[in-house]
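# Secondary and tertiary structure notes
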Amino acid sequence: MKFFIDTANIAEITDAYAMGMVDGVTTNPSLIAKEGRGFQDIIKEICEIVDGPISAEVISTDYDGMIQEAGKLAKIHDNIVVKIPMTIDGIKATKTLTEEGIKTNVTLVFSPLQALMAAKAGATFVSPFVGRIDDISSDGMLLVEQIVEIYGNYAFDTQVIVASVRNPLHVLDAALIGADIATIPYSVLSRLASHPLTDKGLKAFLDDWKKAEK
Ligand code: E4P
């Protein structure tokens with residue numbers, strides 16, 4: 001299973017990369033906007049740090065605009081994956097970009113049939129947003145189960161990125177289902193490493209060590 005980090009923050013990416021927990025990076029317009037810096041500069045800097053797929057999202061909503069933006073983004077670095085919204089124009093753009101050899105990540109996926117269309121269009125990655133589904137009292141991980149099953153039924157190459165991860169259980173469930181990737185915010189990644197019994201046990205060892213003969 002691969003871990004991507006879901007952030008555009010260089011300090012977070014650098015720290016998680018040092019842990020060996022970053023196989024790739026996903027960004028989106030909201031994450032870029034939070035950084036208060038230029039889009040291209042941020043993406044270039046991420047590409048210098050991480051050797052793995054780096055998702056950068058188009059802003060256009062029409063086919064021609066998406067293709068034009070995708071071309072520019074793909075030129076930044078070989079590792080760029082163009083993130084395309086799950087719309088009819090997005091699916092057309094995914095098909096064209098796949099034919100041109102440009103990697104894509106179809107984003108904002110909320111149904112298994114959307115994911116099926118993304119795979120049929122040749123998407124490299126598909127991103128079901130589990131947290132946002134949970135937010136409306138539905139079951140985000142059920143969607144991931146269904147996508148993994150459908151892709152398995154037909155041996156699609158499209159890799160499933162579990163996105164909109166909000167807590168460690170999302171990562172656990174993604175791993176149990178066998179999703180290819182979870183893209184994880186830095187705050188959740190840090191929590192994966194923590195357990196109160198680890199902290200308690202470590203404290204006890206260190207307290208006992210102070211009393212030991214040396
Ligand atoms: C994924 O590619 C998205 O950037 C992200 O996971 C969205 O997460 P959110 O629902 O927490 O905004």
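About the thresholds
Residues numbered from 1 in each chain as written. Predicted model: local features only at pLDDT ≥ 70, side-chain atom pairs only at ≥ 80, totals over all residues. Heavy atoms only, no water. Salt bridge = Lys/Arg side-chain N within 4 Å of Asp/Glu carboxyl O. Helix = DSSP H or I, 4+ residues; strand = E, 2+ residues; numbered from the N terminus. Buried < 20%, exposed > 50% of the residue type's maximum accessible area, 1.4 Å probe, protein only. Polar contact = N/O pair within 3.5 Å; in protein donor to acceptor, adjacent residues only side chain to side chain. Contact = heavy atoms within 4.5 Å. Pairing = 2+ DSSP bridges. Axes fitted to C-alpha atoms, helices over the stretch in contact; angles between N-to-C directions. Patch = residues over 30% accessible without salt bridge, like charges linked within 9 Å, V, L, I, M, F, W, Y side chains within 5 Å. Areas by Shrake-Rupley, 256 points an atom, 1.4 Å probe, with all protein chains shown as cover. Lys, Arg positive; Asp, Glu negative; His and termini not counted. Charge placed at Lys NZ, Arg CZ, Asp CG, Glu CD. Phe/Tyr/Trp six-rings, centres within 6.5 Å; stacked < 30°, edge-to-face > 60°. Arc of directions from axis to C-beta.

The next point concerns the pattern of salt bridges. Under the defined criterion, the tally for this structure stands at 7 salt bridges. A salt bridge links glutamate 99 to lysine 95; the nearest nitrogen and oxygen atoms lie 2.9 Å apart. Taken as a pair, glutamate 99 and lysine 95 lie in helix H5 (residues 88-99) at a separation of 4 residues, close to a single helical turn. The shortest N-O distance in the salt bridge between lysine 203 and aspartate 207 comes to 2.8 Å. One end of the pair, lysine 203, and the other, aspartate 207, are both in helix H11 (residues 196-211), 4 residues apart, so they sit about a helical turn from each other.

On to the side chain of threonine 7. With respect to the helices and strands, the residue threonine 7 is situated in the loop between strand E1 (2-6) and helix H1 (10-18). A residue is classified by how much of its surface remains accessible, and threonine 7, at 4% relative accessible area, is buried. Within the local environment of threonine 7, its side chain forms a polar contact with the backbone nitrogen of asparagine 9, the two atoms lying 2.9 Å apart. With sequence-adjacent residues up to four places away left out, threonine 7 is seen in contact with Glu12, Ile13, Val25, Thr26, Thr27 and Leu31.

Every second residue of strand E8 (residues 181-184) is oriented toward a common face, with Ile181 and Thr183 on one face and Ala182 and Ile184 on the other, all of them buried. Pairing analysis gives 4 bridges linking E1 to E8, with the strands arranged parallel. By the bridge assignment, phenylalanine 3 is partnered in E8 with alanine 182. Pairing analysis gives 2 bridges linking strand E7 (residues 159-162) to E8, with the strands arranged parallel. Within E8, the position partnered with isoleucine 161 by the bridge is isoleucine 181.

A few words on unusual backbone geometry. Even without glycine at this site, leucine 108 takes up a positive phi of about 60°. Looking at the secondary structure, you find leucine 108 in strand E5 (residues 104-109). On the basis of relative accessible area, leucine 108 is assigned to the partly exposed category, the value being 32%. Phi at serine 164 is positive, roughly 60°, even though this residue is not glycine.

Bringing the sheet that holds strand E2 (residues 24-26) into the picture now. Taking strand neighbours around the barrel as the criterion, the 8 strands line up as E1-E2-E3-E4-E5-E6-E7-E8 in a closed arrangement whose pairing is parallel. Neighbouring strand axes in the sheet, compared pairwise and without regard to direction, differ in orientation by 30° on average. Where E5 lies against strand E6 (residues 125-128), 3 bridges are found, and the strand directions are parallel. If you follow valine 106 over to E6, its bridge partner there is valine 126. On top of the sheet, helix H8 (residues 140-154) reaches E5, E6 and E7; it is set at about 175° to E7, its chief contact.

A separate point is a negative patch on the surface. A surface patch of like charges, here negative, comprises Asp134, Asp139, Glu145 and Glu149. Positionally, aspartate 139 belongs in the loop between helix H7 (130-135) and H8.

Per the stated rule, a full pass over the model turns up 4 aromatic pairs. With centroids separated by 6.2 Å and ring planes inclined at 50°, the aromatic side chains of tyrosine 154 and phenylalanine 156 adopt a geometry described as tilted. The exposure class of tyrosine 154 is exposed, given its relative accessible area of 60%. One aromatic cluster is present, formed by Tyr151, Tyr154 and Phe156 through successive ring pairs.

Turning to helix H6 (residues 112-120), its buried residues number three or more, namely Ala115, Ala118 and Ala119. End-on view of H6: buried residues confined to an arc of 95°, all on one side of the axis. The outward face of H6, more than 90 degrees from its buried face, is lined by the exposed residues Leu113 and Lys120. Looking at the buried residues of H6, the elements they touch are H5, E5, E6 and H8. Glycine 122 sits one or two positions beyond H6 and adopts a positive phi of about 95°.

None of the figures reported here should be taken as evidence of function without further support.
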